[in-house]
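# What the coordinates show
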Amino acid sequence: MASSKSPLRLLVELISNNVEALETRLFSEGLQFPLLADPYDPKNPVERLLSENPAMLEATSVIVAAASQLVAMVRSPVQTMMEGSLLFHLPSCIRAAIESNMVEIIRDSGPQGIHANEISKMNDTDPVKAARILRLLANHHIFTEIRPDVFAPNRLSSILDSGKSVAELKQSPSSRYVASDKAGIPALVLMHTDEAFKGSAYFTEAFLSPKTAHSTRAVDSPWNYAFGTDTFLFDWYDRPENELLKTRFSFAMACSTKLEPPKAILAGFQWSELSRGAVVVDVGGGVGSTARVIAEAMPHIELVVQDRWSVIEDAQEYWAGVAPDLIASGRVKLEAHNFLTPQPIHNAAVFLLRWIMHDWSDAQAVLILRHLRDAATSDTKLVVVDIILPYTCNDPEITNRIPGAERPLPPAPLLRNMGAASNMMYWLDFQMFVLGNSQERTLGHFVSLAAQSGWRVEQVHHIAGSSLGQYVSVPI
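Looking at an unreviewed UniProt entry, one finds the protein named O-methyltransferase, with Favolaschia claudopus as its source organism.

This is how it looks when you write it as C-alpha cells:
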C-alpha cells in the first residue's frame, strides 16, 4: 500500500532513521561520528567502520541520497539551475588551493588557522584573491573560516594534503605525487581539475560538431578538441614535455583504490579459491596498487603487472617504496605490454582488468578482450572491475538472468539507483567521454561486448561502498 505521507516527510524520515542507526552503532562501540573540524584519518576506528561495514555504508548512502533529493525538491528550481551552471568555479578553486600549496600551509597552522595575508607571503599570491578562493571552498566545507580571512584545516581539506612540507613542495613540485600514502589523492584531484576540467569546457562542441558527433575515435574527444591535438591522451603523456603530468597520472591511477573500501578488490571474486602458484595477470595494472592488495592478502598467488613501459618505470619506483620484498621474491613481476596486441601469457588463472574497459570504444574493448580470450585456457577466469552503470529506473531484463546482478530496491521515494549516492558513477562516465571519447557501461552493454569477444558473464558482484562492480566471465 502506498504511504499517505508526503515525499518530503518520507525523505526526512529516511534521513532521521539512518542517522539514528549510525549513531546507535557508533555509541555501542564507544565511538562518535567524525566532526568536520577534525582531519580525516583512514586508520581511525570510526573511519574504518564507516568505510567497511555494509550496514554503515548503506545508512550513509541513504542519507546522502535522501538529503540531495530533499534539497532538489525544496529549493527554487531557478536557484538550483543557476548553482549547477556555476559549479565549475569549485574545481578551479580546489586546483588553485593545491597548486599554490595553500593546503599544506593551512595544515601547518593547525586548528588556530592562518590569515590570508600570511598565506600569501608564503606562496607569493595575492591575499585578497587567496581569501576569496578559500572562502568559496569553506562555503563547501573545504577548510573552515574561523575568523574573517583566517582559515583552518578540516576533514575535507585534509584529503587534499600531500603529506609533504611546504619547503619540499617548493623545491620539488613533483614530490607531491610520490613516496607518500597521501600523495595519490592530490594527484587524482589535480588530473580532474586540470586536463579533464579543461577538456570538459569543450564538451558541447565535441558533442555537436559534425566532425566528432558520431565518432568513436579516442582522438575525437572533448579533451582533444580543447587541446587542439590529434594525439591520444596516453601518448600525449609520454611526450618529454609532459613528464610531470605523466607521473601525476600514474600516481592518480594508483590512488583510485582509495575511492572505494581499502580491500574492495578482495570482495566478490574468491581469490582464496585459486590454487597455490596460480598466476593472476593484472592487465593495464598501472603501477600495481591493486596487485599489491591482492599479493599481501593472498600469499599463495603470483601476480604479473602489465602496462606501458613508461608506466612500468613508475611502477618500479612505487614497489621499491612500498613492497620491495614482493618484487625481490618474484611473487610480483612487472612487465611492459600493450594490451591492444596479443597477450604473451598463456597460463593465467585470472586475467584482471580494473578500470580498463571504460578507457576504450566498443571496438577496441572487444579487441582487448579477444586477445585475452585467445591466450586463455579453458579454466581461465576474466575479472573485469568497472562501474556497472545503473539506469535511474528499473531494468529487469538482464539483471534477472545473471547471478548477483540485481541490486536491492531502495526505500521510497528514492530513485532506483540511489540518486546522489551514485553520483560518482555518472561523473566518471563523462570523465571518460571527455578524456578519450569512451564511457562507463550498463550491465547489458558489457554482457554484449563480452559475448562478442568469446566470454560469457557468469557472475556479477556489487561491492558495498564502492562505485565499482565486478564481472566474472568464463570462455565460451
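Back to the write-up after that little detour.
For the rest of this paragraph, the subject is the layout of surface pockets. Approximately 710 Å³ is the volume attributed to the second largest pocket. Lining the second largest pocket are 40 residues, and of these Phe234, Phe249, Met253, Trp355 and Asp359 lie nearest its centre. Going through the elements one at a time, α10 (184-200), α13 (233-237), α14 (243-255), α15 (289-297) and α20 (423-436) are the ones with two or more residues in the lining of the second largest pocket. With five residues, α20 is the largest single contributor of residues to the lining of the second largest pocket. Classifying every residue of the lining of the second largest pocket gives 19 nonpolar, 14 polar and seven charged.

This paragraph deals with α10. With 17 residues, α10 ought to run about 24 Å at 1.5 Å a step, and its terminal C-alpha atoms sit 22 Å apart, in line with that. Approximately 25° is the largest bend angle found in α10, and it occurs at Met191. The element α10 is largely enclosed, with a buried count of 13 among its 17 residues.

Counting across every chain of the model gives 16 aromatic pairs. One Lys or Arg, Arg354, reaches over the ring of Trp355 and ends 5.5 Å from the middle of that ring.

For the rest of this paragraph, the subject is the packing of α14 against helix α16 (residues 309-322). Following both chains from N to C, one finds α14 and α16 inclined at 65°, their axes separated by 10 Å at the closest point. The two elements α14 and α16 meet at a crossing, and its hand is right-handed. Packed against α14, whose contacting residues are Lys246, Thr247, Ser250 and Phe251, the element α16 presents Ser310, Val311, Asp314 and Tyr318 at the interface. Of the residues contributing to the contact of α14 with α16, the split by class is three nonpolar, three polar and two charged.

So, about the packing of helix α6 (residues 102-109) against helix α7 (residues 116-123). Following both chains from N to C, one finds α6 and α7 inclined at 125°, their axes separated by 10 Å at the closest point. Comparing the axis directions of α6 and α7 gives the class oblique. Two packed elements cross with a definite hand, and for α6 against α7 that hand is right-handed. Only Ile119, Met122 and Asn123 of α7 make contact with α6, whose side of the interface consists of Met102, Ile105 and Ile106. Here the contact of α6 with α7 is composed, by residue class, of five nonpolar, one polar and no charged.

With that settled, the discussion passes to the pairing of strand β9 (residues 455-462). Side chains on a regular strand alternate between the two faces of the sheet. Sheet topology places β9 next to strand β10 (residues 468-475); seven bridges connect them, and they run antiparallel. The residue bridging Arg456 from the neighbouring strand is Val474, located in β10.

Attention shifts here to the side chain of Gln470. Tracing the sequence through the fold places Gln470 in strand β10. For Gln470, the side chain forms a polar contact with the main-chain oxygen of Ala267, separated by 2.8 Å. Within the structure, the side chain of Gln470 is placed 2.9 Å from the backbone nitrogen of Phe269, a separation counted as a polar contact. Once residues lying within four places of it in the same chain are set aside, the contact partners of Gln470 are Ala264, Ile265, Ala267, Gly268, Phe269, Val384, Val385, Ile388, Gln459, Val460, His461 and Ile463.

Right, let's talk about unusual backbone geometry for a bit. In this structure, the amide linkage connecting Ala412 to the following residue, Pro413, adopts the cis form with an omega of 5°. You can see Pro413 is positioned in the loop between α19 (396-399) and α20. For Trp355, which is not a glycine, the phi torsion comes out positive at approximately 55°. Within the secondary structure, Trp355 sits in the loop between β7 (350-354) and α18 (362-375). Backbone geometry places Met418, a non-glycine residue, at a positive phi of 75°. With respect to the helices and strands, Met418 occurs in the loop between α19 and α20. Given the relative accessible area of 15%, Met418 is considered buried.

We now examine the sheet that holds strand β8 (residues 381-387). Within a sheet, neighbouring strands are paired by backbone hydrogen bonds and run either parallel or antiparallel to one another. In space, the seven strands of this open sheet follow the order β6-β5-β4-β7-β8-β10-β9, with mixed pairing throughout. Because the sheet does not close on itself, it has two edges, and the strands there are β6 (332-336) and β9. On average, each strand axis in the sheet is tilted by 20° relative to the strand beside it, whichever way the strands run. Packed onto the sheet, α15 meets β4 (279-283), β5 (302-307), β6 and β7 and runs at close to 180° relative to β5.

Criteria and cut-off values
For every chain, the first residue of the written sequence is number 1, and numbering continues from 1 along that sequence. Since the coordinates come from a predicted model, pLDDT governs what is reported: local features require at least 70, and pairs of side-chain atoms require 80 or more to be given and counted, while whole-chain, interface and lining totals use all residues. The basis for every side-chain value is the complete set of non-hydrogen atoms in the structure, without hydrogens or water. Computed over the protein atoms alone on a 1 Å grid, cavities are sets of points where a 1.4 Å probe fits but cannot get out and pockets are open sets with protein on both sides within 12 Å along at least five of seven lines; a residue lines them when it has an atom within 4 Å of a point. Grid points are joined across faces, edges and corners, and a volume is the space filled by probe spheres set on the points. Numbering of helices and strands runs from the N terminus, with a helix taken as a DSSP run of H or I at least four residues long and a strand as a DSSP run of E at least two residues long. Ten residues, namely Ala, Val, Leu, Ile, Met, Phe, Trp, Tyr, Cys and Pro, are considered nonpolar, four, namely Asp, Glu, Lys and Arg, are considered charged, and the remaining ones, Gly among them, are considered polar. Take the number of residues in a helix, subtract one, and multiply by 1.5 Å to get its expected span. Fitting one axis to the seven residues ending at a residue and another to the seven starting there, the bend at that residue is the angle between the two axes. Burial classes follow relative accessibility: with a 1.4 Å probe on protein chains only, a residue under 20% of its type's maximum area counts as buried, one over 50% as exposed, and anything between as partly exposed. Paired rings are identified among Phe, Tyr and Trp, the last through its six-membered ring, by centres lying within 6.5 Å, and are further divided according to the angle between planes into stacked (under 30 degrees), edge-to-face (over 60) and tilted (the rest). Counted as over-ring charges are cases with an Arg CZ or a Lys NZ within 6 Å of the ring centre that also lie within 35 degrees of the ring normal. Angular values range over 0 to 180 degrees, each being the angle between N-to-C directions of two axes fitted as lines to C-alpha atoms, with helices fitted over their stretch in contact. With the far helix as reference, a near helix turned anticlockwise by less than a right angle produces a left-handed crossing, and one turned clockwise produces a right-handed crossing. Here, residues are in contact when the closest pair of their heavy atoms is within 4.5 Å. Angular relationships are summarised with four words: roughly parallel below 35 degrees, roughly antiparallel beyond 145, roughly perpendicular across 65 to 115, and oblique for the angles in between. Note on pairing: two strands pair once DSSP finds at least 2 bridges between them. Two N or O atoms count as a polar contact when they lie within 3.5 Å, although within protein this holds only if one can serve as hydrogen donor and the other as acceptor, and sequence-adjacent residues are included solely when both atoms are side-chain atoms.

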